[in-house]
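Next come the chains, spelled out residue by residue.
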Amino acid sequence: MSAPAEHYTAFTRLLHWLMAAMILAMLFIGVGMVASISSAHEVLIAVHRPLGIAILLLVLIRLANRLAHRAPPLPSDLPLWQRLMAKASQVLLYALMLAMPLIGWSMLSAGNYPIVMFGAVHLPAIAPASPALYAFLRQAHTYLAFVLFAVFLLHLAGALFHGLIRRDGVLASMVHGPGRKEDKH
Amino acid sequence: MSDHLNAPLDPSTHSPNVAPPQKDPQTPERQNRPKPGQIAALSLIGLILAAIAASFAYVAGWLTPQRLTASRFVDALQLNNGGIYEGYRRAHAKGVCFVGHFESNGQGVALSSASVFAAGNTPVIGRFATGAGNPHTPDGDVPVRSMALSYQLADGQVWRSGMNSVPFQIIGTPEAFYEFGVANRRDPSTGKPDLAKQQTFAATHPELKRFSEAMAHWPITNSFANSTFNGVNTFRFIDAQGTSHNVRWIMKPQAPVVALDKQALDRLSADFLSIDLHQRLQQGPLRFDLMVTEAQPGDPINDSSRPWPDDRPTTHVGTLVVERDIAQADGPCRDINFNPLILPKGIEPSDDPILAARGSVYSESFNRRLREEAAAHIPPAAAGGRP
């Protein structure tokens, strides 16, 4: 326990916190825009589409980065069930980060919508126009967003548990680089 | 959570709130007892999670049942329709698809940089409809008709537009529109709307009188082909210099206007409008001129229940050519959301609150009916939405 904890690289930490902010924003934008009947609806939807595509691009970079760099090991004294929870929630987060933008994109394709990014810039359809496909993807987009929100809360709870109660350096390994005072003991 | 509290503490941390780790295996009850600092930390974690979850629920509208959301608006439409007609639009349910093209004459370029206004042709998927929410309503019973268009621009952009045969909206805000629906809802016991509720609403909404007076003189024609369709809401056309023009538009029929003979309605088919359309299109295409009117300073931009004076400058920017009608049941317009906020570069929405509400309400209606189509195993429409 006295060895300095291994930290995530600066690039990994940047990707993590950037995407954390983007994904949390997306969840709130998504759930807010479908309910709103004010002009906020259109403004939010105009942000939602390009932000989703940006997340899709970033998650591809992040997956490559994750495969290239091993994550710092969890503390050796962490109970097995917590170890499994941490792994499972991270796999689920990656899967949803990848799936949600792809579902959104194919859902708009199946529903005969143009996939507008900004101005005249738009993406091609990636799925055939089909009511059955649209209905399935549209509902999947909502329910998986709720799953993503729940997993995000679980992930945050785990991070805070490590940071505030166990104080085992797991949260610190994603918050800052090695070399801070508290790691040098 | 007792496992959490058992977790050993990292000795490398030096918080005064945290005791050193318990090492004595003989005293497990001491390990189980949470430290005050841990209780505070756990409460803090719980509080943070609860605050985020509550914010999410609030933004979704789950904590405010009185707030008018798209879903509640569509629920209200369904109530006023007297039920759900599965697979049909929640408003203007009875319609017929058509395909054709828009011939731009190039005059619109001065107002908007949208490529649809450059001289040339743009393919169009469209829909004529009558205003009732019940798709089985006879055509003669519905004074309001509509035309919806999806211009499929050459570069893949799309412009959607929903136009109405009435010259302006009956009500200026979605909240008032919702209340209007409540006031007009049939009482299940009498089968009729409550007259007192209607009078109370009319007394507080003078725009209703303006609308009924205009409607009294508004010609109801005998065909979709000779009806005038009004864009109703104000949009902003952005020209190549970036200048914004507040505009409204109409689709003006080239076919001669013939008033509907109301005495003859009994002899007409319940579907006379689509039958007439089909017969006319057998003879050749139908044409409508797209006329764009620019506001003068002081004209109401964000209130579609208030018409503009008649003398405003109007530009003929092109002609819609309706070529072929296709039944709605498997036509290319069936699975299109004619959300008037789907706009190409060069056209932007105004601050009109009715226009904003149309965006989310149309989408909610679209989601519901496509879910119903999927449940009924309806296959994709014949021609699809893309040309």
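Residues numbered from 1 in each chain as written. Chains lettered and ligands numbered in written order. Predicted model: local features only at pLDDT ≥ 70, side-chain atom pairs only at ≥ 80, totals over all residues. Heavy atoms only, no water.

Short version of the rule: UniProt positions are given in the numbering used here, feature names are shortened, and annotations may be inferred rather than shown by experiment.
In the nomenclature of an unreviewed UniProt entry, chain B corresponds to Catalase-related peroxidase from the organism Dyella tabacisoli. Its UniProt record gives chain B a comment under Sequence similarities (unreviewed entry), which states: "Belongs to the catalase family."

Labelled according to an unreviewed UniProt entry, chain A appears under the name Cytochrome b, originating from Dyella tabacisoli. The annotation that UniProt attaches to chain A under Subcellular location (unreviewed entry) is "Cell membrane". UniProt's Cofactor (unreviewed entry) comment on chain A is quoted here verbatim: "heme b".

## Thoughts on the UniProt feature "transmembrane region" (unreviewed entry) in chain B
Applicable threshold: Secondary structure counts use DSSP, requiring at least four H or I residues in a row for a helix and at least two E residues in a row for a strand, with both numbered from the N terminus.
Per the UniProt annotation, the sites labelled "transmembrane region" (unreviewed entry) are residues 39-63 of chain B. Between the C-alpha atoms that bound residues 39-63 of chain B there is a distance of 29 Å. The span itself is 88% helix and 0% strand.

## Looking at the environment of Thr-130 of chain B
Residue and element names in this part refer to chain B. Convention followed: Exposure is judged per residue with a 1.4 Å probe applied to protein chains only, and the accessible area is read against the type maximum: over 50% gives exposed, under 20% gives buried, and values in between give partly exposed. Contacts between residues were defined by any pair of non-hydrogen atoms, one from each residue, lying within 4.5 Å.
With respect to the helices, strands and loops of the structure, Thr-130 is situated in strand β2 (residues 120-130). Thr-130 gets classed as buried once you look at its relative accessible area, which sits at 2%. Beyond its immediate stretch of four places on either side in the chain, Thr-130 contacts His-92, Ala-93, Lys-94, Asp-139, Val-142, Val-144, Arg-145, Phe-224 and Leu-273.

## What about the pairing of strand β8 (residues 286-294) of chain B?
Residues and elements named next belong to chain B. In plain terms, the rule: Here, any two strands with at least 2 DSSP bridges between them count as paired.
The element β8 is largely enclosed, with a buried count of 7 among its 9 residues. Relative to β8, strand β7 (residues 244-253) runs antiparallel, the two being bridged by 7 bridges. Bridge pairing in β8 links Pro-253 to Phe-288. In terms of strand pairing, β8 meets strand β9 (residues 314-327) through 8 bridges, oriented antiparallel.

## A few points about the packing of helix α5 (residues 174-184) of chain B against helix α6 (residues 195-204) of chain B
Residues and elements named next belong to chain B. We count it as follows: Helix axes use the C-alpha atoms of the stretch in contact, all axes being lines fitted to C-alpha atoms, and the angles between their N-to-C directions lie in the range 0 to 180 degrees. Here is the rule for angles: anything less than 35 degrees is roughly parallel, anything more than 145 is roughly antiparallel, 65 through 115 is roughly perpendicular, and the remaining ranges are oblique. Think of it as three bins: nonpolar holds Ala, Val, Leu, Ile, Met, Phe, Trp, Tyr, Cys and Pro, charged holds Asp, Glu, Lys and Arg, and polar takes everything else, Gly as well.
Packing of α5 against α6 leaves a shortest axis separation of 8 Å and a crossing angle of 155°. With respect to α6, the element α5 is oriented roughly antiparallel. On α6, the residues that touch Ala-176, Glu-179, Phe-180, Ala-183 and Asn-184 of α5 are Lys-197, Gln-198 and Phe-201. When the residues that make up the contact of α5 with α6 are grouped by side-chain class, the tally is 4 nonpolar, 2 polar and 2 charged.

## Thoughts on the side chain of Asp-303 of chain B
Residues and elements named next belong to chain B. Operational definition: Think of it this way: Lys and Arg go in the positive column, Asp and Glu in the negative one, and His and the chain ends go nowhere. Criterion for a salt bridge: a side-chain nitrogen of Lys or Arg within 4 Å of a carboxyl oxygen of Asp or Glu. Contacts described as polar in this section are N or O atom pairs within 3.5 Å, which, within protein, must combine one atom able to donate a hydrogen with one able to accept it, while residues neighboring in sequence count only if both atoms come from side chains.
Tracing the backbone through its elements, the reader meets Asp-303 in the loop between β8 and β9. No salt bridge is formed by the buried Asp-303. Its closest oppositely charged neighbour is Arg-306, at 4.4 Å. Polar side-chain contacts of Asp-303 include one of 2.7 Å to the side chain of Ser-305. The contacts of Asp-303, once residues within four sequence positions are left out, are Gly-172 and Arg-248.

## Concerning helix α3 (residues 80-110) of chain A
The cut-off we apply is this: One fewer than the residue count of a helix, multiplied by 1.5 Å, yields its expected span.
The terminal C-alpha atoms of α3 of chain A lie 43 Å apart, and with 31 residues this matches the ideal 45 Å at 1.5 Å per residue to within 8%. With its phi angle positive at about 65°, Asn-112 of chain A sits one or two positions after the end of α3 of chain A.

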